[in-house]
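Chain by chain, the residues run as shown.
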Amino acid sequence: MATDAPPPSKEQHTLPSTEEFTAVQESAEFGELRHSYRSFAFPLTVGFIAWYLLYVLLSNYAGDFMGTKLFGNINVAFVFGIAQFVTTFLIAWWYSRHAAAKLDPKAEAIKSRMEGDA
C-alpha cells in the first residue's frame, strides 16, 4: 500500500511548555488566525442555518407554495431540498479553498515555530 506521507522521523522532539502554548495563544499572529477562521465560519454557519430553517418553515407552513409544480413532477419543495445538498457541498468547497489560502499558511507558521522548525 503506497502513501504520499513521508516515513516518521526518528528524531526526538521536545514538546513546547505550557508557557509557550499560552504565549502563542496570546500572540497577535494566533489572534489573526482565529479572526480569519471566525469571520468566515460564523457568518456562513448562521446563513446556512437560516436557509435550512426557511426550508423547514416553508415545508410546514407554506404547503401550497412548496407544492407548486415548476415542471413535470418537480415542485418547489424538491428544488429547495436539492438546493440544501448543493449549498452544503458548495460551503465545504468554499471553506477548503479559504482554509488552504488563508488559514493553513498561518497555522503552519505557528506550528513550525512551536516545533522549533523540526
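What counts and how
- Residues numbered from 1 in each chain as written.
- Predicted model: local features only at pLDDT ≥ 70, side-chain atom pairs only at ≥ 80, totals over all residues.
- Heavy atoms only, no water.
- Helix = DSSP H or I, 4+ residues; strand = E, 2+ residues; numbered from the N terminus.
- Buried < 20%, exposed > 50% of the residue type's maximum accessible area, 1.4 Å probe, protein only.
- Areas by Shrake-Rupley, 256 points an atom, 1.4 Å probe, with all protein chains shown as cover.
- Salt bridge = Lys/Arg side-chain N within 4 Å of Asp/Glu carboxyl O.
- Axes fitted to C-alpha atoms, helices over the stretch in contact; angles between N-to-C directions.
- Parallel < 35°, antiparallel > 145°, perpendicular 65-115°, else oblique.
- Nonpolar A, V, L, I, M, F, W, Y, C, P; charged D, E, K, R; others polar.

### Describing the overall build of the chain
In terms of regular secondary structure, the chain is built from 4 helices and 2 strands. Ordering the α and β elements of the chain from the N terminus gives α-α-α-β-β-α. Per-residue burial over the chain gives 17% buried out of 118 residues. For the chain, the accessible area works out to roughly 9,300 Å², and carbon and sulfur atoms hold 64% of it.

### Notes on the pattern of salt bridges
Should the charged atoms of two oppositely charged side chains come close, the side chains can pair. Applying the stated rule across the entire model yields 2 salt bridges. With its nearest N and O atoms 2.5 Å apart, the salt bridge here joins E29 to R113. Of this pair, E29 sits in helix α2 (residues 28-61) while R113 sits in helix α4 (residues 76-114); the two residues are 84 residues apart in sequence, bridging distant segments of the chain. Note that K106 is salt-bridged to E32, the shortest N-O span being 3.8 Å. In this pair, K106 sits in helix α4 while E32 sits in helix α2, placing the two residues 74 residues apart along the sequence. Of the residues examined, E32 reaches a relative accessible area of 47% and is grouped as partly exposed.

### As for the packing of α2 against α4
Between α2 and α4, whose axes approach to 10 Å, the crossing angle comes to 175°. Looking at the two axes, α2 sits roughly antiparallel to α4. Class assignment of the residues belonging to the contact of α2 with α4 gives a composition of 20 nonpolar, 6 polar and 4 charged.

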